[in-house]
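Analysis of the macromolecular model
Single-letter residue listing:
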Amino acid sequence: MNTATYPTIEQTVGNTPLVRLQRIPGADSDARGNVILAKLEGNNPAGSVKDRPALSMIRHAEARGEIRPGDTLIEATSGNTGIALAMVAAMRGYRMILIMPDNLSLERRAAMTAYGAQLILTPASKGGMEYARDLALAMQSEGKGKVLDQFANPDNPRAHIEGTGPELWTQTGGRITHFVSAMGTTGTIMGVSTYLKSQNPAVQVIGAQPAEGSQIPGIRKWPEAYLPAIFDRSRIDGYESIEQTEAESMARRLAAEEGIFGGISSAGALVAALRVSARVENATIVFIVCDRGDRYLSTGVFNT
Ligand SMILES: Cc1ncc(COP(=O)(O)O)c(C=O)c1O
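Basis of the calculations
- Residues numbered from 1 in each chain as written.
- Predicted model: local features only at pLDDT ≥ 70, side-chain atom pairs only at ≥ 80, totals over all residues.
- UniProt positions renumbered as here; feature names shortened; annotations may be inferred.
- Near = placed C-beta within 6 Å.
- Helix = DSSP H or I, 4+ residues; strand = E, 2+ residues; numbered from the N terminus.
- Domains from an automatic or database assignment.
- Axes fitted to C-alpha atoms, helices over the stretch in contact; angles between N-to-C directions.
- Parallel < 35°, antiparallel > 145°, perpendicular 65-115°, else oblique.
- Left-handed = near helix turned anticlockwise from the far one by under 90°.
- Contact = placed C-beta atoms within 7 Å.
- Nonpolar A, V, L, I, M, F, W, Y, C, P; charged D, E, K, R; others polar.
- Pairing = 2+ DSSP bridges.

If you check an unreviewed UniProt entry, the protein chain appears there as Cysteine synthase from Achromobacter aloeverae. We quote the UniProt Cofactor (unreviewed entry) comment for the protein chain here in full: "pyridoxal 5'-phosphate".

By nearness alone, 20 residues border the ligand, and Gly184, Thr185, Thr188, Gly218 and Ser265 come closest of all. Sorting the residues of the shell around the ligand by element identifies helix H3 (80-92) and helix H7 (187-199) as the ones contributing at least two each. It is H7 that provides the largest number of residues to the shell around the ligand, a total of three residues. Looking at which domains feed residues into the shell around the ligand, each of domain 1 (3-44 + 163-299) and domain 2 (51-147) supplies at least three.

This part covers the packing of helix H2 (residues 51-63) against helix H6 (residues 155-171). It is at 8 Å that the axes of H2 and H6 come closest, and there the two elements cross at 110°. As summarised for this structure, H2 and H6 are arranged roughly perpendicular, according to the angle between their axes. Helix-helix and strand crossings are classified by hand; for H2 and H6 the assignment is right-handed. Side by side, H2 and H6 meet where Arg52, Pro53, Ser56, Met57 and His60 of the first sit next to Asp155, Asn156, Arg158, Ala159, His160, Gly163 and Thr164 of the second. Residue composition of the contact of H2 with H6, grouped by class: three nonpolar, six polar and three charged.

With respect to topology, four strands assemble into an open sheet ordered S5-S4-S3-S6, the strand pairing being parallel. What marks the edges here is a single partner per strand, and that holds for strand S5 (118-122) and strand S6 (146-147). Here strand S3 (residues 72-76) runs beside S6; their pairing, made up of two bridges, is parallel. Directly across from Ile74, in S6, lies its bridge partner Val147. Those strands touched by H3 are S3 and strand S4 (95-101), and its axis lies near 175° from that of S4.

A few words now on the domain arrangement of the protein chain. Per the domain assignment, the segments making up the protein chain are domain 1 (3-44 + 163-299) and domain 2 (51-147). Counting from both sides, the interface comprises 20 residues of domain 1 and, opposite them, 14 residues of domain 2.

Residues annotated by UniProt as "modified residue: N6-(pyridoxal phosphate)lysine" (unreviewed entry) correspond here to Lys50. Tracing the backbone through its elements, the reader meets Lys50 in the loop between strand S2 (35-40) and H2. Leaving out residues up to four positions away in the same chain, Lys50 has contacts with Asn80, Thr81 and Ala84.

Here you go:
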């Protein structure tokens with residue numbers, strides 16, 4: 001048998017579909033010559049855009065000789081990164097410890113455990129992700145493993161400079177005019193912006209953030225002191241504030257009207273993309289569908 005002819009699971013990360021929305025944009029958007037395209041990152045093998053940075057952070061650290069199979073890795077994660085890291089750790093032979101606030105959805109925790117990761121749940125009341133990040137660093141300094149630190153690791157945006165950005169450029173034949181993404185670590189928006197602006201500096205990059213008091217899993221409007229180190233303000237042209245309720249109802253519409261079953265932050269990015277579309281003409285607007293709706297079933301958001 002020639003094993004070289006068959007891909008491993010690792011080689012199925014990336015190269016996700018880009019699809020055109022047919023109904024939600026509406027006649028006004030069509031009449032202005034706009035097209036809205038969804039990049040389906042839920043099609044990655046562990047189910048989210050985070051498969052890309054997880055693979056990138058581990059592969060590049062290995063290539064630099066910083067880690068090797070058998071080592072223990074530690075990460076604070078809001079969920080999707082944990083699932084992706086757990087998959088890559090399983091694929092490449094690492095032990096994985098994941099630290100997450102205890103108010104995140106059950107499906108996420110179960111998926112990490114399925115891939116063999118060890119979970120540490122921190123009380124959300126102690127400060128959510130900020131507390132989890134501090135604990136990860138404390139464990140590293142006690143010699144318990146190596147923190148990859150997706151918030152500061154250049155190999156996170158690099159996954160999108162090398163993968164997502166070039167894919168979008170090719171898939172739109174260089175016609176993309178606007179890129180919209182929800183922001184968590186900001187790795188997606190930083191990396192894609194870097195690549196697209198290197199091809200065409202006129203491409204507009206818009207970040208979707210939860211409005212004051214809104215909770216949208218996976219994304220944050222970071223307090224100044226906790227802004228991710230990989231974040232560079234100059235790569236973003238505008239921001240849209242998204243209410244939790246409008247993101248949730250758009251997630252239901254995206255599934256029911258377009259057949260795209262995405263998560264809440266993905267729908268938030270679509271809300272932002274529609275606002276952009278209302279202001280422009282002859283635009284090719286891409287938004288990221290970060291993950292799949294299945295991951296949110298236990299929250300009840302799709303039951304109404
Ligand atoms: C559901 C969800 N949406 C959006 C994002 C944002 O992606 P990024 O960290 O690249 O900004 C994340 C990140 O963890 C996420 O889990």
